[in-house]
Amino acid sequence: MCRLLAYLGSPVSLEPLLYQPEHSLIVQSYQPKEMLSGVVNADGFGIGWYDLQKDSEPFTYRNTLPIWNDVNLPSLSRYVASSCILGYVRSATPGQALDFSNCQPFKYERLLFIHNGRIDNFHQTVYRTKRTKLSDELYQYIRGTTDSEHIFASLLNQWLANPGKSLEQALHTTLLMVAELAETHQTYMSANVVISDGTSLIASRFSTKSPAPSLYWSVNEPSFPQSVIIASEPLFAGNWTSFPQNSIISVGADCDIRIEQI
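Criteria and cut-off values
- Residues numbered from 1 in each chain as written.
- Predicted model: local features only at pLDDT ≥ 70, side-chain atom pairs only at ≥ 80, totals over all residues.
- Heavy atoms only, no water.
- Phe/Tyr/Trp six-rings, centres within 6.5 Å; stacked < 30°, edge-to-face > 60°.
- Helix = DSSP H or I, 4+ residues; strand = E, 2+ residues; numbered from the N terminus.
- Salt bridge = Lys/Arg side-chain N within 4 Å of Asp/Glu carboxyl O.
- Buried < 20%, exposed > 50% of the residue type's maximum accessible area, 1.4 Å probe, protein only.
- Pairing = 2+ DSSP bridges.
- Axes fitted to C-alpha atoms, helices over the stretch in contact; angles between N-to-C directions.
- Expected span 1.5 Å × (residues − 1).
- Core = buried A, V, L, I, M, F, W, Y, C linked by side-chain atoms within 4.5 Å.
- Contact = heavy atoms within 4.5 Å.

Before going further, it helps to examine the packing of aromatic side chains. Evaluation of the coordinates by the stated rule reveals eleven aromatic pairs. Look at Y30 and W68: their rings are 6.0 Å apart centre to centre, the planes differ by 85°, and that puts the pair in the edge-to-face class. Pair noted here: Y30 is in helix α2 (residues 25–30) and W68 is in the loop between β3 (59–63) and α3 (73–79), with a separation of 38 residues, a long-range link. Taking the centre distance of 6.1 Å and the plane angle of 55° together, the rings of F45 and Y61 count as tilted.

Encoded structure:
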């Protein structure tokens, strides 16, 4: 069911986040502890980050290889540094294609998006209805076949169609809409989501059946001062807090955490 990671705070290279922790994202790709389905996350990965000096669109590095098999990532991880980083390892839903179009993070202008969860039997249930609700622009935006990218498109649809809405509000509305669609089609959905514009993190832990996939946050750890880390599983022994079930958490540049129940 995939594993995800997000970081916001003092600039740091990728290596301390991806490789050095005892239960890093690399380790979680082949030895996860809290996945509700699947055994390993070997169906590709992706890393997204923002330039420290420029107000530009984020960068992504994605591959369909298992993350432990990418020979370029260790060197890249020592070179790239950022104050906002998102990472993701994929466990593909059976029947979903293993290709770049389905690798996260997904990107729209300055936004990065990662999702851990599923809409069960997505293509047999809510797929067609969900697509008909999108604007022409966002209908054409979708390149892959995953429920994850369609959730992101629905979120963008809400946000762009309602300029007064914050991303938190758009995410809240989107999750409830998808949950209602799932109920109508007699299926279930879960959506641990992280979305960022480079200066903030907005994350949800949400599911229409209990328990929701695991998600934690940690603030100002000794190895990562003045920062917040969000992860599917704790990366190391420390002061990790489990997200409340069915909640949205917002993290600003000051690393202050705000919690909203859905």
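Next comes the rest of the write-up.
Tallied over the full model, the rule gives two salt bridges. The partner of E233 in a salt bridge is R3, and the shortest N-O contact between them spans 2.8 Å. Here E233 is found in the loop between β10 (224–231) and β11 (240–242), whereas its partner R3 is found in strand β1 (residues 3–13), with 230 residues between them in sequence. The buried category is assigned to E233, whose relative accessible area is 1%. Between R118 and D120 there is a salt bridge, with the nearest N and O atoms lying 3.0 Å from each other. For D120, a relative accessible area of 15% corresponds to the buried category.

Strands sit in the order β3-β2-β4-β1-β10-β9-β11 across an open sheet of seven strands; the sheet is antiparallel. Each end of this open sheet is capped by a strand with a single partner; those strands are β3 and β11. When strand polarity is set aside, the average angle formed by the axes of neighbouring strands in this sheet is 15°. With three bridges connecting them, strand β9 (residues 216–221) and β11 associate as antiparallel partners. If you follow W217 over to β11, its bridge partner there is T241.

Before going further, it helps to examine unusual backbone geometry. Q104 connects to P105 through a cis peptide bond whose omega is 5°. Within the fold, P105 resides in the loop between β4 (81–89) and β5 (106–108). Positioned with a positive phi, E109 is a non-glycine residue whose angle comes to about 50°. Mapped onto the fold, E109 is located in the loop between β5 and β6 (111–119). Residues other than glycine seldom take positive phi values, yet N121 does so here, at roughly 55°. Among the secondary structure elements, N121 is positioned in the loop between β6 and α4 (127–132). For N121, a relative accessible area of 43% gives the class partly exposed.

The next point concerns helix α7 (residues 167–184). Along its 18 residues, α7 runs 25 Å from first to last C-alpha, staying within 8% of the 26 Å computed at 1.5 Å per residue. Listed in full, the buried residues belonging to α7 are L167, E168, A170, L171, H172, T174, L175, V178, A179, L181 and A182. Looking at the residues trailing α7, positive phi occurs at Q186, about 55°.

Turning next to the nonpolar core. By size, the foremost hydrophobic cluster in this structure holds 31 residues, and its most contacted members are F113, Y141, F152, M189 and I195. Looking at this core, the elements with two or more residues in it are β5, β6, α5 (136–141), α6 (147–161), α7 and β7 (189–196). A total of eight residues in this core trace back to one element, the largest contributor, which is α7. If we ignore the near neighbours within four places in the chain, the residues touching M189 are R118, I119, L175, V178, A179, A182, F206, S207 and T208. Membership of the second largest hydrophobic core comes to 24 residues, among which are Y7, F45, Y61 and I229.

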